[in-house]
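# Notes for the structure review
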Amino acid sequence: MTAHLTDSYHNTLKHVLDGIQHHLTAKEGNIRISGISIDSRKITSGNIFVAVSGNNVDGHMFIEKAIKAGCKAILADRGKVPRGVRKKTVVVEVENTRAVLGHIASNFYNHPARLMKMIGITGTNGKTTVSYLIESIIRAGGGNPGVIGTVSYRYSGRSGKNIEMPADFTTPEAPDLHKLLKKMSDNGVSHVVMEVSSHALAQQRIEGLKFDVALFTNLSRDHLDFHKDMNRYYDSKKKLFCEYLHPNGQAIVVIDKNKAQHKGPDSIQDNSTNWGHKMAAEVEHELCSQSNKISVMTCCLDKDCSIHPSKYSFTLAGTSAEIVNPKGSFQIYSELTGEFNLRNILAATGATASLGYKNTEIFKGISAVKNIPGRLEKIRSSNQATFFVDYAHTPDAMENVLQTLKQLQSGRLICVFGCGGDRDPGKRPMMGKIAGDYCDVVLATSDNPRTESPIKILNEIEIGLKRSHLGRNRAEIILTENKRQGYDIIQSRREAIAVAVRYSRSGDIVLISGKGHESYQITITGVKYFDDREEVRKQMGVIQW
């Protein structure tokens, strides 16, 4: 976490442990604690070190190091404290440190989330776009929103100064999360809009929080290296509604009815499950472990959902629609385009309507959003081709984006994309097939290969490209010959973007996909600066039209 979140806040150990079943080795509940850390390398004097057992590293191995760094107390799993430690510092034992970490952090910062309206957004795709839309609507209605998400953590201070920090994680670890919420509360934030990742839900990072609104955007293949299968992935998402939503809170569920139709080996789903429909049904029919029935509001493009468009149309410039919700209907125009973005708009409408915002305020907030960083972000070139930079790094997201652009193209549809290393390799051929099916030209390239061989990743993408209607040829030949279609593999992302810029022409749509807002590229040699948007503009400047 960045230095912006550093403070000199203190509290007693007794207060920090309030409501948590524990065993304390000494009667020292009134000692002052200056902070909470789960990383022994970041311990400062007076901290409590929480030893967390992770997937790859067990924090209990670093207890001695934390003591040497000046921690004032240790919180550990029962039976995992090394011998002799109790003579050196105060030791608190619990059954599972991960399960209580969020509660400890909430106690330490005096439960800041309780002073603000909490909106949690989960789903494979769309979380960031929905968070920007909700943020804008809250601001249009006179609220002071704070956002915790993939692009950044941001809020306005009491002085009116905008405070924005790069996001280390979509959802921070519990100590950093509650520290950030404390900062937001102290600065008069009225509503917190929070992207809640499946990893955060599975790892209990949001313990100590209850949400007023929980929103589900969609579910499609992603993170199966972590979750192993789609059902476990779904179960992680469902926790937001079943464990972290106020009993009288509002659930918003987006239902994409078309997704149930995808079947077969090249399907973007593992099966034909409509996850939105499943989520709405299970939450509404009390299959959660809550005693109170949860209110569910559904969003879809059909009229049988609570929130839907009575009519809509798309162009490259944006979306026009008339939106129907429980408060009536209203006309909107948004510079965001495509069916997936209309569903995002419906979701934001549902979330803010449930919080009491008027249709006029929702209209004003949606209209104010001109673009989302790295989410179908438009860059117009001097040769009249239209470039889009998008974060789509899953099969479903790629299909949604390409489907939208295919409907709007007048020239060729060209896609530059890759897949990340050290992540679910099964989606690579699927994404290659989707790109090949929708595009006239595909340039497969490196994304964030991390510790994997870029060539290995590209070979796996090519398996899917070979199943499409495209044949392989040199990019320059494909792009300079009229009506020629095909794909090429260009390992250097900079070179692939340069080729796309150089040989695109009037009417073409070029999608640079996978990294979106990211300003770095991760390879086996480390992290280097790389921003797709900057690279497109730079190449435009190099090339003389």
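Presented here is an overview of the structure given in this document. In this text, all values refer to a predicted model and were calculated from it rather than measured experimentally. (Residues numbered from 1 in each chain as written. Predicted model: local features only at pLDDT ≥ 70, side-chain atom pairs only at ≥ 80, totals over all residues. Heavy atoms only, no water.)

Across the sheet, which stays open at both edges, the six strands sit in the order 19-20-24-21-22-23 with mixed pairing between neighbours. Two strands lie at the open edges of the sheet, namely strand 19 (377–380) and strand 23 (486–489), each paired on one side alone. Recorded for the sheet is a direction-independent mean angle of 15° between the axes of neighbouring strands. Here helix 13 (residues 427–438) sits on the sheet in contact with strand 21 (413–417) and strand 22 (441–444), set at roughly 160° to strand 21. Helix 16 (residues 493–503) contacts strand 20 (386–390), strand 21, strand 22 and strand 24 (509–513) of the sheet and is inclined by roughly 170° relative to strand 24. (Pairing = 2+ DSSP bridges. Helix = DSSP H or I, 4+ residues; strand = E, 2+ residues; numbered from the N terminus. Axes fitted to C-alpha atoms, helices over the stretch in contact; angles between N-to-C directions. Contact = heavy atoms within 4.5 Å.)

Right, let's talk about helix 17 (residues 532–542) for a bit. Each α-helix winds once per 3.6 residues, and so residues spaced three or four apart point in a common direction. For helix 17, the full list of buried residues reads D532, R533, E535, V536, Q539 and M540. One side of helix 17 carries all its buried residues, which in axial view fall inside an arc of 165°. Of the exposed residues in helix 17, those oriented more than 90 degrees away from the buried face are G541 and V542. Turning to helix 17, the residues buried within the fold contact strand 19, strand 20, helix 16 and strand 24. For helix 17, the capping residue at the N-terminal end is D531, with a side-chain oxygen 2.9 Å from the backbone nitrogen of R533. (Buried < 20%, exposed > 50% of the residue type's maximum accessible area, 1.4 Å probe, protein only. Arc of directions from axis to C-beta. Polar contact = N/O pair within 3.5 Å; in protein donor to acceptor, adjacent residues only side chain to side chain.)

Here we come to unusual backbone geometry. Not every positive phi belongs to a glycine, and D422 is a case in point at roughly 60°. On the secondary structure map, D422 appears in the loop between strand 21 and helix 13. Not every positive phi belongs to a glycine, and R450 is a case in point at roughly 55°. Positionally, R450 belongs in the loop between strand 22 and helix 14 (454–466). Looking at R450, the relative accessible area reads 18%, which means it is buried.

Summed over the entire model, instances satisfying the criterion amount to 33 salt bridges. We note a salt bridge from E282 to K238, for which the minimum N-O separation is 2.8 Å. With E282 in helix 9 (residues 275–284) and K238 in helix 8 (residues 230–242), the pair connects residues that are 44 residues apart, well separated along the chain. Overall, the relative accessible area of 14% leaves E282 in the buried class. On the basis of relative accessibility, which here comes to 14%, the residue K238 falls in the buried class. Among the salt bridges present, the one from D488 reaches R472, with a minimum N-O distance of 3.7 Å. One end of the pair, D488, is in strand 23; the other, R472, is in the loop between helix 14 and helix 15 (475–480), and 16 residues separate them in sequence. (Salt bridge = Lys/Arg side-chain N within 4 Å of Asp/Glu carboxyl O.)

Before going further, it helps to examine the packing of helix 12 (residues 395–408) against helix 13. Two elements in contact, helix 12 and helix 13, have axes separated by 9 Å at closest approach and are oriented at 5°. With respect to their mutual orientation, helix 12 and helix 13 come out roughly parallel. Across from P395, M398, E399, L402, Q403 and K406 in helix 12, the residues of helix 13 making contact are K427, M430, M431, I434, A435 and Y438. Residues belonging to the contact of helix 12 with helix 13 are distributed by class as follows: eight nonpolar, one polar and three charged. (Parallel < 35°, antiparallel > 145°, perpendicular 65-115°, else oblique. Nonpolar A, V, L, I, M, F, W, Y, C, P; charged D, E, K, R; others polar.)

Turning our eyes to something else, we now look at the state of the cysteines. In the structure shown here, the tally under the stated rule is one disulfide. What pairs with C300 in a disulfide is C305, and their sulfur atoms sit 2.2 Å apart. The S-S bond linking C300 to C305 shows a torsion near 115°; that makes this disulfide right-handed. Here the two residues C300 and C305 agree in accessibility, since each one is buried. With no disulfide of its own, C419 lies closest to C415 among cysteine sulfurs, the gap being 10 Å. (Disulfide = S-S within 2.5 Å.)

As a further point, take the sheet that holds strand 12 (residues 191–195). Read from one edge to the other, the open sheet built from eight strands follows the order 11-10-9-12-8-13-14-15, with strand pairing classed as mixed. Of all the strands in the sheet, the pair left with one neighbour each is strand 11 (162–166) and strand 15 (295–299). Adjacent strand axes in the sheet meet at a mean angle of 15° when their direction is disregarded. Sheet topology note: the strand 13 (residues 211–216)/strand 14 (residues 245–254) ladder contains five bridges and is parallel. Within the sheet, the bridge partner assigned to F216 lies in strand 14 and is V253. Sheet contacts for helix 5 (residues 174–186): strand 8 (117–122), strand 9 (145–148), strand 10 (152–156), strand 11 and strand 12; angle to strand 9, the most-contacted strand, approximately 165°. Across the sheet, helix 9 touches strand 13, strand 14 and strand 15, and the angle it forms with strand 14 is around 155°.

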